[in-house]
Amino acid sequence: MAGQEPLNTYFEEAQEDEGGVTEHRFEEPGYLRKLLPSSASLYGEAYANLVEDQYKFIVPNLTYWKRSPNFFPYYMRTAPYGCLLYGLVEAALGVVNQTWISFPAAMELEGIVMDWLGQILSIPEQFQTFNARGELTGGGGVLENASGHAIYFTLVSAQRRALVKLREEHPELTDRDILSRMVAYTSDKVDLHALAGCPLPAHLIVHGVKSDDLGRLSCGDLVEAIAKHRATGRFPVYIMASLCLPNTFACDNIQEIGPLARQNKLWLHVYGSRTASSFVSSRWRAPMKGIELADSFEFNPCPDLISTLDCSCIWVQSLDEYVVSIGDAPVRYTVTCGDRKADDQVQWLLRKTVTSCQ
């Protein structure tokens, strides 16, 4: 097949590369702009020329995530075989998984698979769509493009939930005044702005709480920070706890943070990073103790569960609060599923298509 020869050479070199990583031929940033035309061509080129350019300019400066098992972070992460097969099926069927009416089977399958995955991880049933008796719980799981999207939407959800109550408690303040005083808390080991990968909700103050000697969010310092902010007229609304951060491998104590969040009526989001995939095995689930006290739980199945990189799984206890995080006017189309009714909410469309955070 045309174009296959450069790829064959690429993988043959990988087998000969004992160190796992061949030194890049182009070291300085910006090298590619110097090699390619400054504007798009008005005329097409032969496919063979495109393949030659790919191997000449692109391949030499790759980071070899899946090229050699000798490379320590050897992840078949960007294109696992299962995902490649699914991509073929998805492209053939023309899947538009935005709302129930746009592709009923895909939307329902997403909810079912998220329930399956939640059961495998032993997530409490209040995060599942249905409980053991087959009753709707009000919670459920959904796929987002990245952790940043999931975190952003939980932050907005926390703001909206708190705003309803604070409007009643402080009628003298405008919504803008209330929002500008809201505070979110996380460990000082976490850069929430970088993790979200986009601007955080407007006016939100993010406070990094000092971590203890093990790198965990310190509950004592968290209590002090909440009290201090309330004394100065701030409104605490959100806590993000982390399980096995990539940079510290520390697990925050959910059993201590959970009651604190409930007592202060704060949204508790638990960020499972990529290591929460290990909760598939019961022997590694100790850090999850207290997860039933969280409002939301999210992790990245890549690479351990053979998922693509742009995939984040999030479960919430209240889909209504999560859904209205984007719009104030929920528009619903009701459809019948057997003897149950399911709401197809246009807000799902908004959450799945918004890729830039305002």
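Everything discussed here concerns the structure shown above.
Residues numbered from 1 in each chain as written. Predicted model: local features only at pLDDT ≥ 70, side-chain atom pairs only at ≥ 80, totals over all residues. Heavy atoms only, no water.

### Side note on the packing of aromatic side chains
For the coordinates displayed, the defined rule picks out 5 aromatic pairs. Measuring from centroid to centroid gives 6.2 Å for Phe297 and Phe299, while their planes differ by 20°, and the two rings are stacked. Assigned by exposure class, Phe297 and Phe299 land together as buried. Their ring planes at 5° and their centres at 6.1 Å tell us that Phe299 and Trp315 sit as a pair that is stacked. Of this pair, Phe299 sits in strand S6 (residues 296-299) while Trp315 sits in strand S7 (residues 312-316), placing them 16 residues apart in sequence. Judged by its relative accessible area of 0%, Trp315 falls in the buried class. Here the aromatic residues Tyr152, Phe153 and Tyr322 are joined through ring pairs into a cluster of three or more. (Phe/Tyr/Trp six-rings, centres within 6.5 Å; stacked < 30°, edge-to-face > 60°. Buried < 20%, exposed > 50% of the residue type's maximum accessible area, 1.4 Å probe, protein only. Helix = DSSP H or I, 4+ residues; strand = E, 2+ residues; numbered from the N terminus.)

### Some points on the nonpolar core
Formed by 32 residues in total, the largest nonpolar core has its most connected members in Leu222, Phe297 and Trp315. Looking at this core, the elements with two or more residues in it are helix H5 (104-120), strand S2 (182-187), helix H9 (219-231), strand S4 (235-242), helix H10 (254-263), strand S5 (267-271), S6 and S7. Not counting chain neighbours up to four residues away, the residues in contact with Phe297 comprise Ile123, Phe127, Leu243, His269, Val270, Gly272, Ala276, Ile291, Cys313, Ile314 and Trp315. (Core = buried A, V, L, I, M, F, W, Y, C linked by side-chain atoms within 4.5 Å. Contact = heavy atoms within 4.5 Å.)

### Concerning helix H4 (residues 81-93)
In an α-helix, one full turn covers 3.6 residues, which means residues spaced three or four apart are oriented alike. Relative to the 18 Å expected for 13 residues at 1.5 Å per residue, H4 spans 19 Å between its end C-alpha atoms, a close match to the ideal helical length. The first or second residue beyond H4 is Gly94, which carries a positive phi of 70°. (Expected span 1.5 Å × (residues − 1).)

### Focus on the packing of H9 against H10
Where H9 meets H10, the closest approach of the two axes is 10 Å, and the angle between their N-to-C directions is 15°. Overall, the two elements H9 and H10 adopt an arrangement that is roughly parallel. You can see that H9 and H10 cross each other, and the crossing is right-handed. Of the residues in H10, those touching H9 at Cys219, Leu222, Val223 and Ile226 are Glu256, Ile257 and Leu260. Split by residue class, the contact of H9 with H10 holds 6 nonpolar, no polar and 1 charged. (Axes fitted to C-alpha atoms, helices over the stretch in contact; angles between N-to-C directions. Parallel < 35°, antiparallel > 145°, perpendicular 65-115°, else oblique. Left-handed = near helix turned anticlockwise from the far one by under 90°. Nonpolar A, V, L, I, M, F, W, Y, C, P; charged D, E, K, R; others polar.)

### Description of the pattern of salt bridges
Within this structure, the stated rule accounts for 7 salt bridges. The salt bridge partner of Glu135 is Arg133, with a shortest N-O separation of 3.2 Å. On the accessibility criterion, Glu135 (39% relative accessible area) is partly exposed. Arg133 sits in the exposed class, given a relative accessible area of 61%. One salt-bridge network, in which partners are shared between bridges, spans Arg161, Asp295 and Glu321. (Salt bridge = Lys/Arg side-chain N within 4 Å of Asp/Glu carboxyl O.)

### Things to note about the sheet that holds S2
The strand order across the open sheet built from 7 strands is S1-S7-S6-S5-S4-S2-S3, with neighbouring strands paired in mixed fashion. The open sheet is flanked by strand S1 (140-144) and strand S3 (205-209), the only strands paired with a single partner. Strand-to-strand twist across the sheet, computed as the mean angle between neighbouring axes with direction ignored, equals 20°. Note that S6 and S7 share 4 bridges and pair antiparallel. Each bridged residue has a counterpart across the sheet, and for Ser296 the counterpart in S7 is Val316. On top of the sheet, H5 reaches S1, S6 and S7; it is set at about 85° to S7, its chief contact. (Pairing = 2+ DSSP bridges.)

### Details of a nonpolar patch on the surface
A grouping of Leu109, Ile112, Val113 and Trp116 is seen on the molecular surface, where their side chains present a nonpolar patch of about 380 Å² in accessible area. Summarising the element assignment, Trp116 is placed in helix H5. (Patch = residues over 30% accessible without salt bridge, like charges linked within 9 Å, V, L, I, M, F, W, Y side chains within 5 Å. Areas by Shrake-Rupley, 256 points an atom, 1.4 Å probe, with all protein chains shown as cover.)

### Describing unusual backbone geometry
The residue Ser122 is not glycine, and still its phi comes out positive at about 60°. Here Ser122 lies in the loop between H5 and S1. Even without being glycine, Lys265 reaches a positive phi, approximately 55°. Looking at the secondary structure, you find Lys265 in the loop between H10 and S5.

Keep in mind these numbers describe shape, not what the thing actually does.
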